[in-house]
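Analysis of the macromolecular model
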Amino acid sequence: MLTFKEFAEFCSVIEKISSTLELTARIAAFIRKIEDEDDLYNVIHFLMGRIFPPWDEREIGVGVGLIYEALRQVTGVSKSRIEQLVKETGDLGLAAERLLKEKKQTTLFQEELTIKRVKEIFEEMAKLSGEGSQKRRVMLLTDLYVSATPIETRYLTRLILGEMRLGVGEGIIRDAIARAFGIDSSIVERAYMLTNDYGRVAVVAKKEGKDGLMRMKIQLHYPVKMMLAQVAESVDEALREMREAAVEWKYDGSRVQVHYGNGKVTIFSRRLENVTSALPEIVDEVKKCVRENVILDGEVIAVKDGKPMPFQQVLRRFRRKHEISKAMERIPLIVYFFDILYDGEMLIDLPLKERRKKLEEVIGESEIIKVAQQVITSDPKVVEEEFNRAIEAGHEGLMLKRLDSPYTPGKRGKLWLKLKAVMETLDLVVVGGEWGEGKRSHLLSSFELACRDENGRLLRVGKVATGFTDEDLEELTELFKPLIEYEEGKRVVFQPKYLFEVAYQEIQKSPKYESGFALRFPRFVRLRDDKSVEEADTLERIAKLYEMQFKSKGG
Ligand SMILES: Nc1ncnc2c1ncn2[C@@H]1O[C@H](COP(=O)(O)OP(=O)(O)OP(=O)(O)O)[C@@H](O)[C@H]1O
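Quick caveat, the model's predicted, so the values are computed rather than measured. (Residues numbered from 1 in each chain as written. Predicted model: local features only at pLDDT ≥ 70, side-chain atom pairs only at ≥ 80, totals over all residues. Heavy atoms only, no water.)

A word on the packing of aromatic side chains. Taken as a whole and assessed by the stated rule, the structure comprises 21 aromatic pairs. Relative to Trp416, the ring of Tyr407 lies with its centre 6.1 Å away and its plane at 85 degrees, an arrangement referred to as edge-to-face. Since its relative accessible area comes to 1%, Tyr407 is described here as buried. Judged by its relative accessible area of 2%, Trp416 is buried. (Phe/Tyr/Trp six-rings, centres within 6.5 Å; stacked < 30°, edge-to-face > 60°. Buried < 20%, exposed > 50% of the residue type's maximum accessible area, 1.4 Å probe, protein only.)

Right, let's get into the pairing of strand β3 (residues 254-261). Along β3, eight of the eight residues are buried, which leaves the element largely enclosed by surrounding structure. Here β3 shows two buried faces, one formed by Ser254, Val256, Val258 and Tyr260 and the other by Arg255, Gln257, His259 and Gly261. As defined by bridge partners, β3 adjoins strand β5 (residues 294-304) across seven bridges and the pair is classed as antiparallel. Paired with Tyr260 across the two strands is Val294, which belongs to β5. Inspection of the sheet shows β3 paired to strand β4 (residues 264-269) by six bridges, in the antiparallel sense. From the neighbouring strand, Tyr260 faces β4, where its bridge partner is Val265. Counting the residues between successive antiparallel strands, the hairpin from β3 to β4 contains two residues, one of them, Asn262, with a positive phi of roughly 55 degrees. (Helix = DSSP H or I, 4+ residues; strand = E, 2+ residues; numbered from the N terminus. Pairing = 2+ DSSP bridges.)

Turning next to helix α13 (residues 235-242). For α13, the full list of buried residues reads Ala238, Leu239 and Met242. Projected down its long axis, α13 shows its buried positions confined to an angular sector of 95 degrees, all on one face. The secondary structure elements touched by the buried residues of α13 are β2 (245-250), β9 (374-377), α18 (380-392), β10 (397-402) and β11 (412-420). One or two residues past the end of α13 sits Arg243, with phi positive at roughly 60 degrees. (Arc of directions from axis to C-beta. Contact = heavy atoms within 4.5 Å.)

Under the feature "binding site: ATP" (unreviewed entry), the UniProt entry names Glu248, Arg255, Arg270, Glu299, Phe338, Arg412 and Lys418. Relative to the assigned elements, Glu248 resides in strand β2. There is a polar contact of 2.9 Å between the side chain of Glu248 and the side chain of Gln374. Tracing the backbone through its elements, the reader meets Lys418 in strand β11. A relative accessible area of 16% means that Lys418 is categorised as buried. With sequence-adjacent residues up to four places away left out, Lys418 is seen in contact with Ala229, Gln230, Val231, Ala232, Lys250, Leu398, Met399 and Arg412. (UniProt positions renumbered as here; feature names shortened; annotations may be inferred. Polar contact = N/O pair within 3.5 Å; in protein donor to acceptor, adjacent residues only side chain to side chain.)

With mixed pairing, five strands are arranged side by side in an open sheet as β1-β11-β10-β2-β9. Two strands close off the open sheet at either side, each with one partner strand: β1 (228-231) and β9. Averaged over all pairs of adjacent strands, the angle between strand axes in this sheet comes to 35 degrees, irrespective of strand direction. Where β2 and β9 come together, four bridges link them in antiparallel fashion. Across the sheet, Ala246 pairs through a bridge with Ile376, a residue of β9. (Axes fitted to C-alpha atoms, helices over the stretch in contact; angles between N-to-C directions.)

Before going further, it helps to examine the side chain of Glu396. The residue Glu396 is located in the loop between α18 and β10 in this model. Here Glu396 falls in the buried class, since its relative accessible area comes to 16%. Here the side chain of Glu396 touches Lys250 through a polar contact of 2.8 Å, side chain to side chain. If near-sequence neighbours (up to four positions away) are discounted, Glu396 is found in contact with Lys250, Tyr251, Asp252, Ile391, Leu419, Lys420, Ala421 and Arg526.

The subject of this paragraph is the site of the ligand. Around the ligand, the surrounding shell holds 18 residues, and the nearest of these are Ala229, Glu299, Arg412, Lys418 and Arg528. At a separation of 2.9 Å, a nitrogen atom of the ligand approaches a polar side-chain atom of Lys401. In isolation the ligand has 590 Å² of accessible area, and contact with the protein removes 96% of it. Residue assignment for the shell around the ligand shows that the elements contributing at least two residues are β1, β2, β10 and β11. In terms of residues, the shell around the ligand owes the most to one element, β11, which gives four residues. Within the shell around the ligand, the residues separate by chemical class into seven nonpolar, no polar and eleven charged. (Near = heavy atom within 4 Å. Areas by Shrake-Rupley, 256 points an atom, 1.4 Å probe, with all protein chains shown as cover. Nonpolar A, V, L, I, M, F, W, Y, C, P; charged D, E, K, R; others polar.)

A complete count under the given rule lists 57 salt bridges for this structure. Put simply, Arg165 and Asp91 hold a salt bridge, and the shortest N to O gap is 3.6 Å. Placement of Arg165 in the loop between α9 (150-161) and α10 (170-181) and of Asp91 in the loop between α5 (79-89) and α6 (92-103) is noted, with a sequence separation of 74 residues between them. Of the residues examined, Asp91 reaches a relative accessible area of 3% and is grouped as buried. The salt bridge partner of Arg316 is Glu475, with a shortest N-O separation of 2.8 Å. In this pair, Arg316 sits in helix α15 (residues 311-319) while Glu475 sits in helix α19 (residues 470-480), placing the two residues 159 residues apart along the sequence. Overall, Arg316 belongs to the partly exposed group, its relative accessible area being 24%. One connected set of salt bridges, linked through shared partners, spans Glu15, Asp91, Glu97, Lys101, Arg154, Arg158, Glu163 and Arg165. (Salt bridge = Lys/Arg side-chain N within 4 Å of Asp/Glu carboxyl O.)

The next thing to look at is the pairing of strand β7 (residues 333-342). Counting buried residues along β7, ten of its ten residues qualify, which places the element largely inside the surrounding structure. Two strands pair when backbone bridges link them, and β5 and β7 are joined in this way by eight bridges, in the antiparallel orientation. By the bridge assignment for β7, Glu299 is matched with Tyr336. Where β7 lies against strand β8 (residues 369-371), three bridges are found, and the strand directions are parallel. Within the sheet, the bridge partner assigned to Phe337 lies in β8 and is Val371.

Because each turn of an α-helix spans 3.6 residues, side chains separated by three or four positions in sequence point in the same direction. Look at α18: 18 Å from first C-alpha to last across 13 residues, which is about the 18 Å you get at 1.5 Å a residue. Inspection of α18 places Val383, Glu386, Phe387 and Ala390 among the buried residues, and these make up the whole buried set. All buried residues of α18 lie within an arc of 105 degrees about the axis, which places them on one face of the element. Turned more than 90 degrees from where α18 packs its buried face, Lys381, Glu384 and Glu392 sit exposed. Packed against the buried residues of α18 are α13, β2, β9, β10 and β11. With a side-chain oxygen positioned 2.9 Å from the backbone nitrogen of Lys381, the residue opening α18 is Asp379. Note on α18: the residue one or two positions beyond its end, Gly394, has a positive phi of about 90 degrees. (Expected span 1.5 Å × (residues − 1).)

Right, here's the structure in full:
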């Protein structure tokens, strides 16, 4: 059985490696040696900074606050001392390690932590609810810290915060599994796109090899990665490529994947979180209007008086945990389904034309449940008319889809092209912020933004302080407060969790931020909590946009 110490020591070795190839090789060698299937499953998730797979509803419910409390109890030092150490090291994990190092001499011999034991404790934390649960969480956490060696403390803390700082993204995990078990990367990836669980993929790869992975299928109530679109350069170009396109409105809402089978409906958001309990009216309506045993892909929009409400409102519904019926009245929802992935058989390899037929067969439309309207055309004029209609109706633009295209989970290819009215924006991770002045000193007033590099490291590209309403700032302050890792005068540093969509006037080269770029006149467009940190825009995309604006200005 693998000990957590062995895992932590391995992490401390790979943390220093920046070469992707070497990282992949080291991880491959490490996971190849893991005998126990549960250990392998957990290690894969832990390396990516996850305790449960992303679609799992369970959460351990431990944030920065409880970690501070547990550390205070275990080491007896004050909160301000911990804060000071976090400032010095820039990392709660390192701070915890240091504190425990200072304290360790006095601790008696403890039972060694295993990967299994750590996972069990996390599972127990996730089960807690109601009165006394926070206290119990702190107790479990202090137990963990007491049993851990300093180096284990570093990675336990980071794991709890979901931020391992190893530079290990999904691409590296895919290639490491491929290499460890001698299987082609594309086969590993396909299995992942269908199951969304690299832990399971690794276990099957080890036990059953390539054939096992090939046999992995979409399963009802387990999310499938969503197919994504590229931006259409122009209508003519798009039509030239597709000849004839299925043209649909790009509804301005939020993506959902709806699974209906065995009497149960499960709804996943764009980031594949289970949002079923926030959307009871959709659950009921699906049961009434949709044939059982299907997986559907669609867009939920909020509509009042026949007009779509801002996209933010839909996300508000997704986040809602209490007083859902009130929210249902204030923010009524409609779903437009545009694709079907499964009807007892996996349908993703069928051409869109045929999937669409099946989609129409399984849905009986109602006030709340609709099939997205679709026009098939090769005429740019028709596309333009549809585009204007969509914009007038308050939506984002159009989607142009190839009629013969399969459904390619997780791929952002040319089979779907989007045509939007507004200029390209960036989706960036909020990593820090600043408190306001005077009367607004209780509110956050600006936010530091970061993009990702190829290894998933976060690099700052600027600060945004405009585009917020007072209500936005109040809401955002509430949302970000629990994520504060430490404060430094007015500046705060957040655990990276949320993305902002920002518009800007120009991208500039600048030594001010680690990315080497800065945004000129950045403006907040909206919170994108339908996207995860791993989906933030990359340094590569920013560099590309930078080059493009150069070209459009004629050098
Ligand atoms: N008819 C439709 N077909 C497909 N996607 C649609 C449709 N209507 C609205 N959408 C939304 O548009 C998105 C397609 O664009 P893309 O795949 O690039 O997603 P994205 O990265 O969320 O980008 P964006 O910020 O443009 O929504 C889908 O994720 C979905 O949420």
